[in-house]
Amino acid sequence: MRRREFLAASAAAAATGLAGTRASAQAASWPDKPVKLILPYAPGGATDAIGRPWAEALSKAFGQQFVVENRGGAGGMIGTEAVAKAAPDGYTLLLTPNATLTVLPTLRKTPYDPVKSFAPIARVGDLVCGFVVHPSVGVKTMPELIAYAKKNPGKLVYGSAGLGTATQLRIEMLKWKTGVDILHVPYRGSADALNDLLPGTVQMMNEIVVLPHVKAGKLILLNINHSTRNPDFPDVPTLTELGIKDADVPIWYSILAPTGTPEDIIAKLNEKIVELAKTDDMKAKMRTINVEVPSQKPSEIADFIGVDTKRNAELIKAANIKLE
Amino acid sequence: MEDFFTNLGLGFSVAFTLKNLFWCFMGALIGTAIGVLPGVGPVATMALLLPVTYYLSPEGALIMLAGIYYGAQYGGSTTAILVNLPGEASSVATALDGYQMARQGRAGPALAICAIGSFIAGTIATCLIVLAAPPLTAMAQQFTPAAFFSLMVLGLVLAIVMASGSLLKAVGMILLGMLLGLIGTDVNTGNTRFTFGISDLFDGIGFVIVAMGVFGMAEIVGNIGNTERRDLLSSKVSHLYPTRDDMKRSSGPILRGTLLGSLLGVLPGAAATLSSFASYALEKRLSGVPAKFGTGMIEGVAGPESANNAAAQTSFIPMLTLGIPASPVMAMMIGGMMIHGIQPGPQVMQQKPALFWGLIVSMWLGNLMLLVLNLPLIGIWVKLLMVPYRLLAIAILFFCCIGVYSLNNLATEVHFMAFFGVLGYIFVKLRCEAAPLLLGFLLGPLMEVYMRRAMLLSRGDPYVFIDWNNQKLSLGFLIVSLVVVVVLVLLPNMRKAREVAFKEE
C-alpha cells in the first residue's frame, strides 16, 4: 500500500515536471493549431461584430485560424464559464463585453470568478453609445429632457435590452445622478426594444444601433456616452460636458484567457493586439461599428475590472436592481 | 410605377451577374441541404459561413446568406413530410398532413406541392416587398404590445381549431406547452423559473429541441414498436407528381396562405411562425370536411407551406427598411452587413440601392432555383423511404443529435431532446396531439411578455387591451378570438358534429 502511494506520488511529481517543460515549449511554438475564440453571446450581435474582425486579423497575424465559437446563454454566463474551465494552454480564449465580468457577478451567483478565473490579455474595443429620445416627447437637448422628466415624473418610459444590461444601467445612472423618474420596460434584446421605440411606444433608449435613425431624423440623440464626442455627431455633447460626472462609461470588450495560461502567450497576444489596433484597416473596421480601441496592458485591464465592478455595484445598489 | 421598373431593373442587373447568380445558387443549395438535415438550422449555418463572406462582395455575401435562409425553410418541410421531423417551427403545420400523405404513398405530390406553393408564395411576396415595403413597415409599427398580446390569444384559439382529437386534451396540451415555455429567466424580474439551478435552462428550452423530441423521436419509437405502421411507409408509392385534382384543391390554400404569410411575416419573432399555423387552421375551417385534416389532406400542406415561405420573404422587410432584426436569422443578415461596413438602417435603401434591390431580386431567382433544383430531387427523396427502417431510424436519430448539438454546442440539450422524445411517446400512447403543445410552447411565453409590457406601459390599467380609441387592433383580435371560440366550441350542434367526426376516425 505504502509502496503504491510512493509510486503514485513520484508519478505525480514527474507529471508536474513534465507539464512544466511542456508549458514553456508550448509557449514558444504557440500557436501550432487553431485557437478557439469563444464569444458568450448568440451570433449577429455587437459582440459578434467586434469579435469577428479581430478573429480574422489575429488569424492572419499568427498564421493559425482563430475560430469564433458563439456560446450564448444565461446572459453570457455559459460561454464565460466554458472558458473559465477550459485548459489554460492558450488555445481557448474569451472575447466578452464587460457585462459578464463587472456586472453579472454583482447581480447573480456566477459559476466563475471574474478576477480569479481569468488572465486578461487585451482590451479590444469600447462601444460608444448615446441616449436617444423619440421626437414626440418634444425635447431636443439633455437639459430639456431633464426639465421635462422633472415636471412629469414617471411619464417618460425607456426601453432596455434586458435587466442588468448596459442599456438599463446607463439610464439608471442618469436617473440616479439627476434625480429624475423614468419608467423602465425591459425587452429581450435591443432589436425588440427598438421595435417599440421607433413608433414611440417607449420614448427613450441607450443604444448604438439607433444612430442611422438619428441621421434619418426619426430619433434625437441627446448625448454621447464616452470621454470624447463622436465625429459623426460633432454637436452632441458628452455627459461630462453636460455636467453629469462619472457617467461616461462605454461598454468595453476584452480578450481573456483562463488563469494559468503561460505568461509568454499572453504577452505575445497583447503585443500583437496592440499593434493591430493601430493599423488603419482595424481602425476603419471598428469605426464603422462605432468602436474605439484603447490600448491597455494586461495588468491595467485587471485593475480596470476592479474599478468597473465597484462602480457598477454602487449603481446597482442605488438603483435597487435585483435579479434573483 | 416608373420607380418600380427602375428599381427592378437595377435589381436584375445586380442579381444577374454570373458571380451573384452563383452565390445565389450556392446559398439555395446549402440551405436546402441543411434544411433537410433535421435540427441543423439556418442560424448555425449562416454563423459558420460568416467568415467566408469576408471574401465576397457585399451583394454576393448577402445574396448567399439570404439563399441559405429560404433554402432551409424549404428543405425543412422535406423532413417534416418524409419522416415527421419538423426542423423549424414553421414546418410543424406541414408535418401534420404532409407526413400522413407520405405514409399513404403520396410523398411525391406532397413534396411537389410544397415546391410549387413555395415558389408562387415567394414570387408574390417578392413583388409585395418591391411595391409595398414602406406601407408594410408602417403597418407593423401599428402593433403595440397590447395588440401583440391579443394576436397571441388568437393564435392559441387557432391551436384549438388545429387539434383533431379530444378538445379537453387539446386544451391540456396547450397549457402544458405554455408551462414548458415559461422555463427560463423572467424578462421583467430576472427570476429564473423551473430551472432547478441548471444554467443551461436559464434561457429556456429551444423550440427545435421540443419539436424534434415530441414529433420525430416519438414517431421513430412508435414506428419501431409497430410493424404495421412501419411498413406503411415504404409500400405503395403511387405517382410522383400532383394530379390535376391535387392542383385544383391546392390553388386556393396557396393564395390564402401567401396572403396570410406576407402580412404576418412583417411582424417580429413568432408572429411570422404563426402564419403557417394560422393558414392550417383557416384551411381546416374553410374545408367541407374539417375532420379529415390530419389524415393527409393536400390543402393542409399547400396552405401552411406557402404561408411560411411568404413570411420568410416579407420578414426581410423590417430588416431592410429599419435595420431591425425580427429573428435570429435576420440578426445574422445584419451581422453579414456589418462585416462589410454597412450600417443597417433606414438609409440602406437610398445609399446602397444596388445592394437593396439586388438582394430582393435574388430572392425571386433563388426561389426559381429551388423549384428547378427540387422537382427532380423528389424522386430521390421518395426512394429514401425505401431504405429499411432499421437503418433509416438510426440515421435519423444520429442526425437529430448532431443537429441539436450544433444549436449551442451543448450536450445537455441532446439530453433534453431525449427527454422530450420519451414524453412524446407517452403522448402518442395517450392519444394527445403534439401540435397544440408546440403552439402553446411558442406563444405562451410571448403572451406573458406582451401582456406584462402592455400593463407596465398602461401603468396597470387592463383597459389597455380593449381601448377602442388607441388599441383598435388589440380589440379586433380579441373579438375575433371570442367569435371563433363561441362558434367552434360552445355552440352545441357544432360541438356534436366535432365529436361525431372524432368517433368516426
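Residues numbered from 1 in each chain as written. Chains lettered and ligands numbered in written order. Predicted model: local features only at pLDDT ≥ 70, side-chain atom pairs only at ≥ 80, totals over all residues.

A short note on the overall build of chain B
Helix and strand content of chain B: 22 helices and two strands. For 505 residues, the compact-globule estimate of 2.2 N^0.38 gives 23 Å, and chain B sits close to it at 22 Å. Taken along its principal axes, the extent of the C-alpha atoms in chain B is 60 × 60 × 50 Å. Considering chain B as a whole, with its 505 residues, one finds that 57% of them fall into the buried category. Within chain B, residue pairs in contact and separated by at least 24 positions form 79% of the contacts whose partners lie at least 6 positions apart. (Helix = DSSP H or I, 4+ residues; strand = E, 2+ residues; numbered from the N terminus. Rg over C-alpha atoms; globule rule 2.2 N^0.38 Å. Buried ≥ 20, exposed ≤ 12 C-beta atoms within 10 Å, placed from the backbone. Contact = placed C-beta atoms within 7 Å.)

What to know about the overall build of chain A
What chain A contains, in helices and strands, is 11 helices and 11 strands. Once the C-alpha set of chain A is aligned to its principal axes, its extents read approximately 80 × 45 × 30 Å. Looking at the 324 residues of chain A, the share that counts as buried comes to 51%. Contacts spanning at least 24 positions in sequence make up 77% of the contacts within chain A whose residues lie at least 6 apart.

Quick word on the domain arrangement of chain A
Residues and elements named next belong to chain A. By domain assignment, chain A separates into domain 1 (31-127 + 251-318) and domain 2 (129-225). The centre of domain 1, based on its C-alpha atoms, is set 28 Å off from the matching centre of domain 2. Taken together, the contact pairs 10 residues of domain 1 with 10 residues of domain 2. Listing elements by their share of the side of domain 1 that touches domain 2, those giving two or more residues are α4 (99-107) and α11 (298-318). In terms of residue count, the dominant contributor to the side of domain 1 that touches domain 2 is α4 (four residues). Residue composition of the side of domain 1 that touches domain 2, grouped by class: eight nonpolar, two polar and no charged. (Domains from an automatic or database assignment. Nonpolar A, V, L, I, M, F, W, Y, C, P; charged D, E, K, R; others polar.)

With respect to the confidence of the model for chain A
Interpretation of this model should avoid reading the predicted coordinates in detail wherever pLDDT is low. All names here are of chain A. On average, residues of chain A carry a pLDDT of 86, and 92% of them reach 70 or more. Of all the helices and strands in chain A, helix α1 (residues 2-29) carries the lowest mean pLDDT, 51, while strand β3 (residues 92-97) carries the highest, 95. Low pLDDT, under 50, characterises residues 1-21; the predicted model gives this stretch zero contacts beyond four residues in sequence or across chains. (pLDDT = per-residue confidence, 0-100.)

Quick look at the pairing of strand β9 (residues 220-225) of chain A
All names here are of chain A. Burial analysis of β9 places five of its six residues in the buried class, the great majority of the element. Across five bridges, strand β5 (residues 129-133) lies against β9 in antiparallel orientation. Of the residues in β9, the one forming a bridge with Cys-129 is Asn-225. (Pairing = 2+ DSSP bridges.)

Topic: the environment of Asp-246 of chain A
All names here are of chain A. Within the element layout of this structure, Asp-246 appears in the loop between β9 and β10 (251-258). With 12 C-beta atoms counted inside 10 Å, the residue Asp-246 sits in the exposed group. For the pair Asp-246 and Met-173, spaced 73 residues apart in sequence, the C-alpha to C-alpha distance is 9.4 Å.

With respect to the sheet that holds strand β1 (residues 35-39) of chain A
All names here are of chain A. Strands sit in the order β2-β1-β3-β10-β4-β11 across an open sheet of six strands; the sheet is mixed. Pairing within the sheet leaves two strands with one partner each, and these edge strands are β2 (66-70) and β11 (291-292). The strands touched by α11 are β4 (118-127) and β10; relative to β4, the strand with the most contacts, the crossing angle is about 80°. (Axes fitted to C-alpha atoms, helices over the stretch in contact; angles between N-to-C directions.)

Let's talk about unusual backbone geometry
Residues and elements named next belong to chain A. Look at the link from Trp-30 to Pro-31: it is a cis peptide, with omega at -5°. With respect to the helices, strands and loops of the structure, Pro-31 is situated in the loop between α1 and β1. Positioned with a positive phi, Asn-290 is a non-glycine residue whose angle comes to about 60°. Structurally, Asn-290 can be placed in the loop between α10 (280-288) and β11.

Details of the interface of chain A and chain B
Across the boundary between the two partners, chain A contributes 42 residues, which contact 38 residues of chain B. Elements with a minimum of two residues in the side of chain A that touches chain B: α2 (46-62), β2, α3 (77-84), β7 (183-186), α7 (190-197) and α8 (211-215) of chain A. For the side of chain A that touches chain B, the class distribution of residues is 20 nonpolar, 11 polar and 11 charged.

Some thoughts on helix α3 (residues 42-53) of chain B
The end-to-end C-alpha distance of α3 of chain B, which contains 12 residues, comes to 15 Å, matching closely the 16 Å that a straight helix rising 1.5 Å per residue would cover. Within the span of α3 of chain B, buried status applies to Pro-42, Val-43, Ala-44, Thr-45, Met-46, Ala-47, Leu-50 and Thr-53 of chain B. (Expected span 1.5 Å × (residues − 1).)

Re the packing of helix α7 (residues 145-162) of chain B against helix α20 (residues 434-457) of chain B
Residues and elements named next belong to chain B. Contact pair α7 / α20: the axes reach a minimum separation of 8 Å and the direction vectors enclose 160°. In this view, α7 runs roughly antiparallel relative to α20, as classed from their interaxial angle. Note on packing geometry: the crossing formed by α7 with α20 is left-handed. In contact with Pro-145, Ala-146, Phe-148, Phe-149, Met-152, Val-153, Gly-155, Leu-156, Ala-159 and Met-162 of α7, α20 contributes Ala-435, Pro-436, Leu-439, Gly-440, Leu-443, Leu-446, Met-447, Tyr-450, Met-451, Arg-453, Ala-454 and Leu-457. For the contact of α7 with α20, a count of residues per class yields 19 nonpolar, two polar and one charged. (Parallel < 35°, antiparallel > 145°, perpendicular 65-115°, else oblique. Left-handed = near helix turned anticlockwise from the far one by under 90°.)

Points about the pairing of β10 of chain A
Each regular strand carries side chains that alternate between the two faces of the sheet. All names here are of chain A. Of all eight residues making up β10, eight are buried, and the element is well covered by its neighbours. Alignment of β3 against β10, held across four bridges, turns out to be antiparallel. Within the sheet, the bridge partner assigned to Thr-96 lies in β10 and is Ser-254.

As for helix α2 (residues 18-36) of chain B
Between its terminal C-alpha atoms α2 of chain B stretches 27 Å, which fits the 27 Å expected from 19 residues at 1.5 Å a residue. Residues of α2 of chain B that are buried include every one of Asn-20, Trp-23, Cys-24, Phe-25, Gly-27, Ala-28, Ile-30, Gly-31, Thr-32, Ile-34, Gly-35 and Val-36 of chain B, and no others.

Observations concerning the packing of helix α9 (residues 207-224) of chain B against helix α19 (residues 411-430) of chain B
For any two helices packed against each other, one specifies the inter-axial angle together with the distance between the axes. All names here are of chain B. At their nearest, the axes of α9 and α19 sit 7 Å apart, and the two run at 55° to each other. By the criterion of interaxial angle, the relationship of α9 to α19 is oblique. Crossing handedness for the pair α9 and α19: right-handed. Here α9 contributes Ile-209, Val-210, Met-212, Gly-213, Val-214, Phe-215, Met-217, Ala-218, Val-221 and Gly-222 to the contact with α19, which in turn contributes Glu-413, Phe-416, Met-417, Phe-419, Phe-420, Gly-421, Leu-423, Gly-424, Tyr-425, Phe-427 and Val-428.

A look at the environment of Thr-17 of chain B
One can find Thr-17 of chain B in the loop between α1 (2-15) and α2. Put simply, Thr-17 of chain B and Gly-60 of chain B are 43 residues apart on the chain and 9.9 Å apart in space, counted from C-alpha to C-alpha.

Side note on the environment of Thr-258 of chain B
All names here are of chain B. In this fold, Thr-258 is placed in helix α11 (residues 244-265). Assessed through the 29 C-beta atoms surrounding it within 10 Å, Thr-258 is described here as buried. Put simply, Thr-258 and Gly-206 are 52 residues apart on the chain and 27 Å apart in space, counted from C-alpha to C-alpha. Not counting residues within four places of it along the chain, the set of residues in contact with Thr-258 comprises Ile-120, Ala-121, Ile-124, Ala-125, Ser-306, Ala-307 and Ala-310.

Thoughts on the confidence of the model for chain B
Looking at chain B as a whole, its pLDDT mean stands at 85, while 93% of the residues score no less than 70. The complex model carries a pTM of 0.82, and its ipTM stands at 0.81.

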